[in-house]
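Notes for the structure review
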Amino acid sequence: MGEKRNFRVWRGDDSSGQLQDFQVEVNEGEVVLDIIHRLQATQAPDLAVRWNCKAGKCGSCSMEINGKPRLGCMTRMSTFEPTETVTVTPLRTFPVIRDLVTDVSFNYQKARELPAFAPPAGVAPGEYRMQQVDVERSQEFRKCIECFLCQNVCHVIRDHEENKPAFAGPRFFIRAAELDMHPLDARTDRKDMAVEEQGIGYCNITKCCTEVCPEHIKITDNAIIPMKERAVDRRYDPIAWLGSKIFRR
Ligand code: FES
């Protein structure tokens, strides 16, 4: 038998909602998602939450826990003081569907807008060859589990719905950077797209995205800053500009 702890959950839908208080049993080793499941099994059978793997790999259980964007399945209850009330609310940057479930389709729209990997002409799958150093550079970005915590915390869109059409967000800056660094990607316009279509210029490098990434991807240092620097080089260095016209790169 565990101890009783205070737990507070936002309940509601896209029209209204409020925080609801619970006293709930907590056992050693449990995570926030375990407590939500216990509430569903005992006191709140209609409590909506999205989850899937319970192993920090599917990116479904993103929520805000005491105001911080986190994965419910990777946040141990022992992180909090026994007397502390643990408050769980839905991601703030996306519209609420119900309770802890938000509509993250903004992200899928931005994913669709980013052109896919473009292999060079005349090279078939299976014939791609690249240096190990290039594989390793992009490997970091491929660890992304698409939990969208970085998108949620980004102040450019967190309280600014009006910026969403012009801003793709950190998750898609790492995707653009990964493809831009890919030695076999045939597209030459990824830097220009990052500026003109993804709105990378809105980012002022506060590193909030890096801080919340559960995969510890260095989003700002390894993707956003290099993309910004290369975009600037390309746009304002006359030799780079001329080279890009002649060599299309
Ligand atoms: Fe899959 Fe939490 S349930 S990341």
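Below is a short write-up of the structure. What you are looking at is a predicted structure, and each value in this text was computed from that prediction instead of being measured.

What counts and what doesn't
- Each chain carries its own residue numbering, running from 1 in the written order of its sequence.
- Whole-chain, interface and lining totals are the exception, using all residues; otherwise, since this is a predicted model, local features are given only for residues with pLDDT of at least 70 and side-chain atom pairs are given and counted only at 80 or more.
- Excluding hydrogens and water, the side-chain values take into account all heavy atoms of the structure.
- The term salt bridge refers to a side-chain nitrogen of Lys or Arg lying within 4 Å of a carboxyl oxygen of Asp or Glu.
- Numbering goes from the N terminus for both helices and strands, where a helix is a DSSP run of H or I of at least four residues and a strand is a run of E of at least two.
- Using a 1.4 Å probe on the protein chains alone, a residue whose accessible area is under 20% of its type maximum counts as buried, one over 50% counts as exposed, and one in between counts as partly exposed.
- Paired strands, in this sense, are two strands between which DSSP finds at least two bridges.

Looking at the pattern of salt bridges
Overall, the coordinates contain 21 salt bridges when judged by the stated rule. In this structure, K110 engages E113 in a salt bridge whose closest nitrogen and oxygen atoms are separated by 3.7 Å. One end of the pair is K110 and the other is E113, both in helix α2 (residues 105-113) and three residues apart, which spans about a single turn. By relative accessible area, which is 5% here, K110 ends up buried. Measuring nitrogen to oxygen at the nearest pair gives 3.2 Å for the salt bridge that ties D180 to K191. A residue pair is termed long-range when its members are at least 10 positions apart, and D180 in helix α6 (residues 170-181) and K191 in helix α7 (residues 190-196) qualify at eleven residues. Of the two residues examined, D180 and K191, each falls in the buried class. Where salt bridges share partners, they join R11, D46, R98 and D99 into one cluster.

Some thoughts on the pairing of strand β5 (residues 86-89)
With burial as the criterion, each face of β5 is covered, one bearing V86 and V88 and the other bearing T87 and T89. Sheet analysis places strand β1 (residues 3-12) next to β5, joined by three bridges and oriented parallel. By the bridge assignment, F7 is partnered in β5 with V86. Bridge count for strand β3 (residues 62-65) against β5 is two bridges, and the pairing is antiparallel. Directly across from I65, in β5, lies its bridge partner V88.

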